[in-house]
Amino acid sequence: RKNCLPMESTLADTPSVKDMWAPERALMVEEVVCVVQAEMAALKSEILQVMKAECTASNRVLASAVDRLRSSFANASSSEVIHRPSAMASRQQECTTIVQAGPQLRTSETRTSLGAPSTNVGVSSRRVSVSSVRHSTWKMSANAMSTTSSERLSRHGEMLQPSEFAVQLTQQAMLAVTSHVSHTVSPVTGMSGRSKAVPVSASFQSFLEEATSKMNSAIAWNPESASRTFYVAFSMALLLFDAFALPYTLAWSVAEGGSWMVAVWFARLFWSIDLGISFFVGYQTGDRKIERRWCLTAKHFLRSWFLCDATLVVLDWYDSGVSGPHSMPFARVARVLRIARLIRQCTPMYVVLQKFKARLKIKASQLVIDVSILSLMLFWFAHVLCCIWYVIGKHEEASDTQVTWLSNGHYSEFGNRYEYLTALHWSLTQFTPASMEVRPHCSAERVFNVIVIFVGFVAGSSMLATLTALITQYRMQVGETMRKMRQLSDFFEQEKVGKELARAITVQITGVLRQRQRLRANQVELLALVGSRLKRELSIEVRRMHLFPHPFLGAWAQIDSACLHSFVDHTMNDMQLCIGDALFSEDDPGNCMFFVIAGSLLYRPGDLARESIFRDTDPRLRCEPGEFCAEVALWFDWCHLGTMTTVAPTEVAVVDASKCDSAFIRRYAPAVKVLRSYAVAFQHAMKDPLSDPSDLTCDIDYNDL
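Here the structure is a predicted model, which means the values were calculated and not measured.

The rules behind these values
- Residues numbered from 1 in each chain as written.
- Predicted model: local features only at pLDDT ≥ 70, side-chain atom pairs only at ≥ 80, totals over all residues.
- Heavy atoms only, no water.
- Helix = DSSP H or I, 4+ residues; strand = E, 2+ residues; numbered from the N terminus.
- Contact = heavy atoms within 4.5 Å.
- Pairing = 2+ DSSP bridges.
- Axes fitted to C-alpha atoms, helices over the stretch in contact; angles between N-to-C directions.
- pLDDT = per-residue confidence, 0-100.
- Salt bridge = Lys/Arg side-chain N within 4 Å of Asp/Glu carboxyl O.
- Buried < 20%, exposed > 50% of the residue type's maximum accessible area, 1.4 Å probe, protein only.

Caption draft 1: Looking closely at the side chain of S566. Examined against the element boundaries, S566 turns out to sit in helix α25 (residues 561-571). Not counting chain neighbours up to four residues away, the residues in contact with S566 comprise F664, R667 and Y668.

Caption draft 2: Spatial organisation of the sheet that holds strand β12 (residues 650-655). As summarised here, the arrangement of the four strands in space is β3-β12-β6-β9, forming an open sheet in which the pairing is antiparallel. With one partner strand each, in any of the chains shown, β3 (572-577) and β9 (628-629) form the two edges of the open sheet. By the bridge criterion, two bridges tie strand β6 (residues 593-598) to β9 in an arrangement that is antiparallel. Within β9, the residue paired with F595 across the bridge is F628. Its contacts with the sheet place helix α23 (residues 532-547) against β3, β6 and β12, and it is angled at close to 70 degrees to β3. Across the sheet, α25 is in contact with β3 and β12; its angle to β3 comes to roughly 45 degrees.

Caption draft 3: Quick look at the confidence of the model for the protein. Summing up the model confidence of the protein, the mean pLDDT is 75 and the portion of residues at 70 or higher is 72%. Low pLDDT, under 50, characterises residues 1-19; the predicted model gives this stretch 14 contacts beyond four residues in sequence or across chains. Scored below 50 in pLDDT, residues 152-157 shows 16 contacts in the model against residues more than four places distant or in partner chains.

Caption draft 4: Looking closely at the environment of H425. Its location among the elements puts H425 in helix α20 (residues 416-429). Through-space distance from the C-alpha of H425 to that of C386 is 8.1 Å; in sequence the pair is 39 residues apart.

Caption draft 5: Fine view of the pattern of salt bridges. Tallied over the full model, the rule gives 13 salt bridges. Across the pair E500 and R503 runs a salt bridge whose closest N-O atoms are separated by 3.3 Å. Separated by three residues within a single helix, E500 and R503 lie in helix α22 (residues 499-514), roughly one turn from each other. Taking the relative accessible area as the measure of exposure, R503 reaches 46% and is therefore partly exposed. R620 is the partner of D618 in a salt bridge, and the nearest nitrogen-oxygen pair spans 2.9 Å. Overall, R620 belongs to the partly exposed group, its relative accessible area being 44%.

Structure (structure tokens):
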């Protein structure tokens, strides 16, 4: 039929030729229509047969409904399939209407969410695809099962009226269409030409150029990324190996051999490679921004830690290449200087530990980590002191009394392991009131013992005080929680609350207390010291991350920061919900869109919702953090088709566009123009007969939209 339209229009001015070709043309059109409709009937029957085979194992009711639909298509006679003059006439009238209204219809459909041009060409504004046929077939089977299908379809056109915010946006849509988009529609053929690109605003164009330049230049490693954090954590393990291995090898002169040699060479190669990687690691600038341009990161590393790291790598390789008695003193000095690497990596180690502690939700786990760190530091300090104590003891010729604690040979005859454990035992007794049989026998040992006692008194007391403070703080938090729980029990006894209700309330409160509570900006005391400009940037950044899961709004939020801040102030707010609270109920009027920040939501569809055929355990009925729902209420006067409840303490970001006034639309024209085009496209997509709007968005093809 499409290919015959040009012929029919061209021959309209020549009556004699038209009369000559009229019978052949009519016969050709009728044959094409018959073949196409017969193929479509067979295709529908085949699709439904496949659906029945897939549904038989999981849902017999759905399989029987699909079987009835397949039988109806298979038993249809040829006359019912082929001869439909009224349908053909109505279709031709629809085609003519689409041709006449081509610019208005295609304007809203070819404008994508970010103003990108479309290349779709054709007579019909609706694109036929496999997904649309599959969705149509699914709806037909659902209608066969549900007795309320006709009611849902009748309400489809009644409830999809534009919301107040959408009306304000689309009031100037036709003016924007005439100014920025043009379609070349041929009145003879009815074919629309290729749509032109919508001019992008200057601010959005500059944003795209800036983002492109950053992507091209930002090749350095992000220091805040998870991969970099894992890399630093792995380097911490090698640092601990060096911290314990170096003092031991210097004191006992351990030769590199066997597994010990493999570990030493692995650490040596790792730090050599790390020297090259450090040129391509980003850093924080003075205004706390991440700089990732490799030319600047290389200059920053050369000016900061390059000399120290390069010296340590050179010392590592010098230590591996020296041999002979004359070179041993220099090798010992080189090994001692390698301790500087531990000091160099203290800051990255501290940052990684703080990140790891921040991810733990239980206070007891954080206490265990703090106690473990203090114990490890104390043990390393005792390890270093025991190695120095052994070095002093084995130099008997330098003793003024010609005797040391190793002179009798009692400790040396059992090997290096017994000597090390004896020296470690002695060093640990200097931090505690404990004692042992080893004592100084010469002036050097006695002076060192006095110094260790003094240092142990200061360091041991400090560590003990820190450990006591940590445990006391933890006990106070636990005690405060127990006091509140006793207060709750007293209230239940006072009001004579039933045991079942009291137990349910206690269980819910206990579950909430075990979870880590999210902090709000007004609860962070140090944010009061920040200026208003930085507070505004922080608010914009937080809201931008809330909108990020949405394919369009997440990108639209980066066009204009001033527009986003005004949009956030007028339309967005947070909502805290407990377990079992209802975010919205069935038949409630809806005018808000919801983004799940934390927690979990469960949707219970009503009889009119398309999700009513889903199983209760279907994961599509849940909204987890990073997901959103009820977008249709943002652009239409909507009535919720189901109930959304919480299954955990939940925090959501609410977008209520009805609070956005017309001044906002006039003030930020470039960004609002892009938002308007998305609103028009969303409305056309939802009003399509193949669509079935719902509170959930799992069935919306945002890539197509």
